[in-house]
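Listed below, chain by chain, are the residues.
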Amino acid sequence: MKKRLLSVGLLLLSYAGYSQTFLDEDFETFTVGAAGPTFANGWTNSGTTTPRWEVEDATGANENSLATGPFFDATSPTVAGGKYLYLETSGGALNDENTLSSPPVSIPMSATGVKLDFAYHMFGASMGELYVVIDTNNVSDTVVTLIGQQQTSGADPFITSSTILTGYAGKTLTVKFIGKRGTSYTGDISIDEVKLFQPVPNEMGITEITTPTSSCGLTAAETVTIEVQNFGTSNITSFDASFSINGGTPVTETVTTTITPNSVYSYTFTATANLSAFGPYEVKSYVTLLNDPTSANDTLVKNITNIPIFSGFPYLETFESGPGGWISGGTNSSWALGTPAGTIINSAAGGSNSWVTNLTGTYNATEASYVVSPCFDFTSLVAPVFSADVWWNSEFSWDGAILQTSIDGGTTWQKVGANGDPNNWYNDNSISGLTPLAPSQEGWTGRNSSSNGSGGWVKVKAPLTGLGSVSGVILRIAFGSDGSVMDEGFAFDNIQIYDTPAQDAELLSITSPDNGCGLTATEQAEVQIVNAGSASIS
């Protein structure tokens, strides 16, 4: 059960890890849909014109505007129904702002160090800015600045910000959250779990497992690096750090260093991790500090994958022997490998197996999913080309698929080709459901009933521009949908990657002769060809 806001003024209740708590708000008593200017428990906003701070309850899926906002709140991150406040950005212009203010909070003279914690979620392609300000009698100090998108999916959890505040003993302060709108409606800023308290002297937590990360061809001696933060009021001079792989025997090392309050310290273990076998790994790391009363932030788990590498070309994957190193993932994913048996998409392109968004039915609402390839070493290729058999049947301009590449282990993704390219490449550039994965919104979309589906299996082909001689290339076929009107989606099969041949003339069309009356014995034939090779045709 969530804790409620404690009464305004000097609050002296204690929780694990806190010596005194002055403000503790989870917004659970607030009325869903309330948009100010006053809220429960003495909270206010600066106006009801959008952008504005509003109360929302989590449903476990996308709410309000498409492709922005969290699926859950911060306190109950896997349970629907929890409440949070968010900056509604459906109206207004760039840099329009609204301020959410806490009730006044009195800090006693004995509180020489005060800690401000709050959880935030900032997912959306047009995310704006969030400033957290401490106001003492109209004297303002900006203590946190967040600019742009901080999460990459609505399913991502809230992130907790922790800041040590000094110089406020004996003062009355107000915590203000100033939200600025970005360029469009996909910029809802959400906050939850606002706490203001006096921390204990000895308290630390692990904030990130920096390495290892998913990559191509991980080794038997991968470095493990973590970041820890001093959340207490005293210097940390020694602590134990541990890690384990797939639940195995932990490695524990004693770290001797000085970490001042609120500081972050990066530690690389002397021991390394054996990640040489291809496949997924669970990396778990935790820290142990003497007299630390709070264990909730002492442990982190990170899931990574050692991706297999292919260097022999031409490459052909028919999926008849299994996934071949291709792995599905994402949010609300419906991807499956097998024999398609839907009403529309009802067969594989060849043999028995294809990848498809649901073998027997429709894809999911608010899907942001993908199928990721193994790694490819293109160092032997000059101008690699991608081709595949695909079939699409999805709500036009709302749901669709795109091909992307990555050269940094999947950290960033670039689209392949552009809308209108030849060889059955993308047919639209405004697929809103793709926004979380592909901000360009280009891809394959449409269905038979609206006369813009593929109408069956078609061959698509595009050059992998700029990737010749590059090692560690990953492909992914990404699929996105909005919150309504689902269909059978997208299927792919028979992936081919090969170098552009020197001599390759492709027949595009026969332009004449055409149907007509009175054709003669000397009609002239005319065709269109394209030079798909790497050398000139003479």
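Thresholds applied
- Per chain, the residues get numbers from 1 upward, laid out in the order the sequence is written.
- Owing to the predicted nature of the model, reporting of local features is limited to residues with pLDDT of at least 70; listing and counting of side-chain atom pairs is limited to 80 or more, with chain, interface and lining totals taken over all residues.
- Only hydrogens and water are set aside when side-chain values are computed; all heavy atoms of the structure are taken into account.
- A helix here means a DSSP run of H or I that spans at least four residues, while a strand means a run of E at least two residues long, and both kinds are numbered starting from the N terminus.
- Note on classification: 1.4 Å probe, protein chains only; a residue is buried when its accessible area is under 20% of the maximum for its type, exposed when over 50%, partly exposed between these limits.
- By the convention used here, residues are in contact when the closest approach between their heavy atoms is within 4.5 Å.
- Here the Shrake-Rupley method, with its probe set to 1.4 Å, supplies the accessible areas, and only the displayed protein chains count as covering residues.
- We call a set of buried Ala, Val, Leu, Ile, Met, Phe, Trp, Tyr and Cys residues a nonpolar core when their side-chain atoms join them within 4.5 Å.
- Under the rule applied, a polar contact is a pair of N or O atoms within 3.5 Å (in protein, one hydrogen donor and one hydrogen acceptor; residues adjacent in sequence only if both atoms are side-chain atoms).
- For two strands to be treated as a pair, DSSP must find no fewer than two bridges joining them.
- To pair, rings of Phe, Tyr and Trp, with the six-membered ring standing in for Trp, must have centres within 6.5 Å; the planes then decide the type, stacked if under 30 degrees apart, edge-to-face if over 60, and tilted in the middle.
- Definition used: whenever NZ (Lys) or CZ (Arg) falls within 6 Å of the ring centre and also within 35 degrees of the ring normal, the charge is taken to sit over that ring.
- Only the stretch in contact is used when fitting a helix axis, every axis being a line fitted to C-alpha atoms; angles between N-to-C directions are given from 0 to 180 degrees.
- A side-chain nitrogen of Lys or Arg and a carboxyl oxygen of Asp or Glu constitute a salt bridge if their distance falls within 4 Å.
- Confidence scores per residue from the predictor, reported as pLDDT, run from 0 to 100.

Peer 1: Sorry, what's going on with the overall build of the chain here?
Peer 2: In terms of helices and strands, the chain carries zero helices and 34 strands. With the C-alpha coordinates of the chain rotated into their principal frame, the extents come out at 105 × 55 × 40 Å. Out of the 538 residues in the chain, the part that is buried amounts to 49%. Counting only contacts in the chain whose residues sit at least 6 apart along the sequence, the fraction spanning at least 24 positions is 75%. Looking at the chain as shown, the accessible area adds up to about 22500 Å², and 50% of this sits on carbon and sulfur atoms.

Peer 1: Honestly, the nonpolar core in this entry has me stumped. Any pointers?
Peer 2: Nonpolar side chains in soluble globular proteins generally cluster together in the buried interior. Trp 326, Phe 386, Leu 403, Trp 425, Trp 444, Phe 490 and Phe 492 are the most contacted members of the largest nonpolar core, which totals 40 residues. Among the secondary structure elements, those contributing two or more residues to this core are strand S26 (368-376), strand S27 (384-393), strand S28 (400-406), strand S30 (458-463), strand S31 (473-480) and strand S32 (489-499). Here the element with the most residues in this core is S31; it accounts for five residues. Beyond its immediate stretch of four places on either side in the chain, Phe 490 contacts Trp 335, Ile 345, Trp 355, Val 356, Thr 357, Val 390, Trp 391, Trp 392, Ala 401, Trp 444, Ile 477 and Phe 479. Core analysis: the second largest hydrophobic core is formed by 34 residues, Val 105, Ile 107, Leu 116 and Phe 177 among them.

Peer 1: Help me out: how do you make sense of the side chain of His 121 in this one?
Peer 2: Of note, His 121 is situated in strand S7 (residues 113-122). You can call His 121 buried: its relative accessible area is 0%. A distance of 2.9 Å separates a polar side-chain atom of His 121 from the backbone oxygen of Asp 156. For His 121, the residues in contact, after removing those within four places along its chain, are Gly 69, Pro 70, Gln 151, Ser 153, Gly 154, Asp 156, Pro 157, Phe 158, Asp 188, Ile 189 and Ser 190.

Peer 1: Where do I start with the pairing of strand S20 (residues 299-307) in this structure?
Peer 2: Successive residues of a regular strand alternate their side chains across the two faces of the sheet. The sheet contact formed by strand S14 (residues 215-216) and S20 spans two bridges and is parallel. Residue pairing in the sheet places Ser 215 in a bridge with Asn 306 of S20.

Peer 1: Explain the packing of aromatic side chains to me, please; I cannot follow it from the model alone.
Peer 2: Here the distance between the centres and the angle between the planes together describe a pair of aromatic rings. Tallied over the full model, the rule gives 28 aromatic pairs. When the ring of Tyr 84 is compared with that of Phe 158, the centres are 6.2 Å apart and the planes differ by 65°; the resulting orientation is edge-to-face. Taken as a pair, Tyr 84 in strand S4 (residues 83-88) and Phe 158 in the loop between strand S9 (139-147) and strand S10 (159-166) lie far apart in primary sequence, 74 residues in all. Taken together through their ring pairs, the aromatic side chains of Phe 386, Trp 392, Trp 425, Tyr 426, Trp 444 and Phe 490 make up a single cluster. Cation over ring: Arg 476 sits above Tyr 370, and NZ or CZ is 5.0 Å from the ring centre.

Peer 1: Looking at this structure, I do not really get the side chain of Ser 126. What am I missing?
Peer 2: Relative to the elements of secondary structure, Ser 126 occurs in the loop between S7 and strand S8 (129-136). Within the local environment of Ser 126, its side chain forms a polar contact with the backbone oxygen of Ser 184, the two atoms lying 3.3 Å apart.

Peer 1: Help me understand the sheet that holds strand S13 (residues 204-211) in this model?
Peer 2: Strand pairing within a sheet occurs via backbone hydrogen bonds; the two strands may be parallel or antiparallel. If you walk across this open sheet you meet the three strands as S13-S15-S18, and the pairing is antiparallel. Edge strands, defined here as strands with exactly one partner in the open sheet, are S13 and strand S18 (264-268). On average, each strand axis in the sheet is inclined to that of its neighbour by 25°, with strand direction left out of account. With five bridges connecting them, strand S15 (residues 225-230) and S18 associate as antiparallel partners. Opposite Ile 226, over in S18, you have Tyr 267 as the bridge partner.

Peer 1: What should I look at first to understand the pattern of salt bridges in this one?
Peer 2: Side-chain pairing between opposite charges can occur once the charged atoms of the two side chains come close. For the structure shown, the criterion picks out nine salt bridges. With a shortest N-O distance of 2.4 Å, Lys 195 and Glu 193 are connected by a salt bridge. A relative accessible area of 9% means that Lys 195 is categorised as buried. Taking the relative accessible area as the measure of exposure, Glu 193 reaches 14% and is therefore buried. Salt bridges sharing partners connect three or more residues here, namely Asp 24, Glu 193 and Lys 195.

Peer 1: Would you take a moment to explain the sheet that holds strand S19 (residues 279-288) for this structure?
Peer 2: Judged by pairing direction, the sheet is mixed, and its five strands sit side by side in the order S14-S20-S19-S16-S17 without closing on themselves. Strand pairing shows two members of the sheet lacking a second neighbour, S14 and strand S17 (251-259), which therefore form its edges. Sheet analysis places strand S16 (residues 236-245) next to S19, joined by six bridges and oriented antiparallel. Across the sheet, residue Ser 244 finds its bridge partner in S19, namely Lys 284.

Peer 1: Explain the pairing of S19 to me, please; I cannot follow it from the model alone.
Peer 2: When S19 meets S20, the two strands line up antiparallel, connected through eight bridges. Within the sheet, the bridge partner assigned to Val 283 lies in S20 and is Lys 302.

Peer 1: Sorry if this is basic, but what is going on with unusual backbone geometry here?
Peer 2: Trans is the prevailing form of peptide bonds, just as negative phi is the prevailing case for residues other than glycine. For the peptide bond that leads from Gly 36 to Pro 37, omega is 5°, which places it in the cis range. With respect to the element layout, Pro 37 can be found in the loop between strand S1 (18-25) and strand S2 (44-45). A cis amide bond links Thr 50 with the next residue in sequence, Pro 51, at an omega value of 5°. Relative to the assigned elements, Pro 51 resides in the loop between S2 and strand S3 (52-57). Positioned with a positive phi, Phe 319 is a non-glycine residue whose angle comes to about 65°. Of note, Phe 319 is situated in the loop between strand S22 (315-317) and strand S23 (327-331). Judged by its relative accessible area of 0%, Phe 319 is buried.

Peer 1: Sorry if this is basic, but what is going on with the environment of Leu 381 here?
Peer 2: Positionally, Leu 381 belongs in the loop between S26 and S27. On the basis of relative accessible area, Leu 381 is assigned to the buried category, the value being 4%. Excluding its chain neighbours within four sequence positions, the residues that come into contact with Leu 381 are Phe 313, Gly 468, Ser 469 and Asp 499.

Peer 1: Explanation requested: the confidence of the model for the chain in the structure shown.
Peer 2: Parts of the model with low pLDDT should not have their predicted coordinates read in detail. For the chain, per-residue confidence averages 90 on the pLDDT scale, and residues scoring 70 or more make up 93% of the total. Here residues 1-17 is a poorly scored stretch, pLDDT under 50, and it has 51 contacts once near neighbours within four places are set aside; other chains count.

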